[in-house]
Amino acid sequence: MKNLKLKSARAALDLSQQQLADLVNVSRQTISAIEKGDYNPTINLCIAICKVLGKTLDELFWD
Amino acid sequence: MLEKWLPLIIYVVVFVAMMVLFTVISKRGKKVEYDERQELIRNRGYKYAFIILAVYIGLYGVFDYVTGIKWCDTYIGCFIGIFISITFIVVFSIFNDSYVPIQTKKRKFYLQVIFMIIIFSSMAIDNLFINKNVFIEGKLTKDSISIFVVTMFLIIFISLIIKDLSDRKQNMAEKI
């Protein structure tokens, strides 16, 4: 299932996938895979993404 | 007597030297870093590569036992299996975005692969057309190893190009 909440939160901060990837120290393809729903990130990566985007885990990763 | 053991001694010396070299380089240089998704994919790739190697060695042994046909030296027969599994893991990693560590320039990888192709191509051409010692009495000899190495690096090079082209298309589509 696509993670549109992550995509919209990233877009709201005007960050590209590459910029977000650099900030959380992963590859751009990993961010792309999370947004497409092809990869379930670990809790550590979820927290790192939430911190960068200023969101909570519930807001980004809970349906 | 020494002549018999010389290839094994050379192999052990080269292997130990390479291990020492890689250890020194990895301690001096920047740590190779893959993210969690890349690590998972690489681990899966290693698992498949191991299975491929096991199947190859099994088939190689069974073919030899059943037919009795010796199509290559045992030495080169083992190395072909290693090349197949290494090529598999590299290509698998390339197509799953897990070959190049994060924050590493792809150009460096291209240059390394091109360098290896050039070096081993010259050896392969020498063995194929000048020395003509790749086949002896219908059997692949150890001098064919350079041909397999070139083939492996060519496959890797082509995979890198194909992946790079598809990435560019995807990047254009996903850029916001």
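Structural notes, computed from the coordinates. Model, not experiment: these values are computed from the prediction.

## Thoughts on unusual backbone geometry
Leaving glycine out, the prevailing phi sign among residues is negative, and the prevailing peptide bond configuration is trans.
Move 1: Not every positive phi belongs to a glycine, and Asp14 of chain A is a case in point at roughly 60°.
Move 2: Secondary-structure assignment places Asp14 of chain A in the loop between α1 (4-12) and α2 (17-24).
Move 3: You can call Asp14 of chain A exposed: its relative accessible area is 64%.
Move 4: Look at Asp97 of chain B: it is not a glycine, yet its phi comes out positive at around 55°.
Move 5: Following the sequence through the fold, Asp97 of chain B ends up in the loop between α3 (74-95) and α4 (106-130).

## Structural notes on empty space enclosed by the protein
Move 1: For the structure shown, the criterion picks out one cavity of 30 Å³ or more.
Move 2: Of the pockets and cavities examined, the largest cavity occupies roughly 40 Å³.
Move 3: Residue composition of the lining of the largest cavity, grouped by class: five nonpolar, no polar and two charged.

## Some points on the packing of α2 of chain A against helix α3 (residues 28-36) of chain A
Residue and element names in this part refer to chain A.
Move 1: Across the interface, α2 lies against α3 with an axial gap of 8 Å and an inter-helix angle of 110°. Put simply, α2 runs roughly perpendicular to α3. Packed against α2, whose contacting residues are Gln17, Gln18, Leu20, Ala21 and Val24, the element α3 presents Arg28, Ile31, Ser32 and Glu35 at the interface.
Move 2: For the contact of α2 with α3, the residue count by class is four nonpolar, three polar and two charged.

## Quick notes on the interface of chain A and chain B
Move 1: Tallying the contact residues gives 17 residues for chain A and 14 residues for chain B.
Move 2: Summing both sides of the interface, chain A and chain B together bury roughly 1300 Å²; the carbon and sulfur share of this comes to 43%.
Move 3: Looking only at chain A, the three residues that lose the most surface to chain B are Asn25, Gln29 and Tyr39 of chain A, adding up to 35% of its buried area.
Move 4: Summed over the shared surface of chain A and chain B, the result is zero salt bridges.
Move 5: Put simply, chain A and chain B have seven residue pairs in polar contact (both at pLDDT 80 or more) between them.
Move 6: Mapped onto the side of chain A that touches chain B, the elements with two or more residues apiece are α1, α2 and α3 of chain A.
Move 7: Its residues assigned to classes, the side of chain A that touches chain B comprises five nonpolar, seven polar and five charged.

## Remarks on the packing of aromatic side chains
Residues and elements named next belong to chain B.
Move 1: Tallied over the full model, the rule gives 10 aromatic pairs over all chains.
Move 2: Arranged with centres 5.6 Å apart and planes meeting at 90°, the rings of Tyr48 and Phe92 form a pair that is edge-to-face. Highlighted residues: Tyr48 in helix α2 (residues 36-67) and Phe92 in helix α3, separated in sequence by 44 residues.
Move 3: Look at Phe92 and you get buried, because its relative accessible area is 15%.
Move 4: A centroid spacing of 5.9 Å and a plane angle of 80° characterise the contact between Tyr60 and Trp71, whose relative ring orientation is edge-to-face. With Tyr60 in helix α2 and Trp71 in the loop between α2 and α3, this residue pair connects regions lying 11 residues apart in the sequence.
Move 5: The positively charged end of Arg42 is found above the aromatic ring belonging to Tyr34, 4.1 Å away from the centroid.

Rules behind the numbers
Residues numbered from 1 in each chain as written. Chains lettered and ligands numbered in written order. Predicted model: local features only at pLDDT ≥ 70, side-chain atom pairs only at ≥ 80, totals over all residues. Heavy atoms only, no water. Helix = DSSP H or I, 4+ residues; strand = E, 2+ residues; numbered from the N terminus. Buried < 20%, exposed > 50% of the residue type's maximum accessible area, 1.4 Å probe, protein only. 1 Å grid on protein atoms, 1.4 Å probe; cavity = no way out; pocket = protein on both sides within 12 Å on 5 of 7 lines; lining within 4 Å. Points joined across faces, edges and corners; volume = space filled by probe spheres on them. Nonpolar A, V, L, I, M, F, W, Y, C, P; charged D, E, K, R; others polar. Axes fitted to C-alpha atoms, helices over the stretch in contact; angles between N-to-C directions. Parallel < 35°, antiparallel > 145°, perpendicular 65-115°, else oblique. Contact = heavy atoms within 4.5 Å. Buried area = accessible area lost by both parts, 1.4 Å probe. Salt bridge = Lys/Arg side-chain N within 4 Å of Asp/Glu carboxyl O. Polar contact = N/O pair within 3.5 Å; in protein donor to acceptor, adjacent residues only side chain to side chain. Phe/Tyr/Trp six-rings, centres within 6.5 Å; stacked < 30°, edge-to-face > 60°. Lys NZ or Arg CZ within 6 Å of the ring centre and 35° of its normal.

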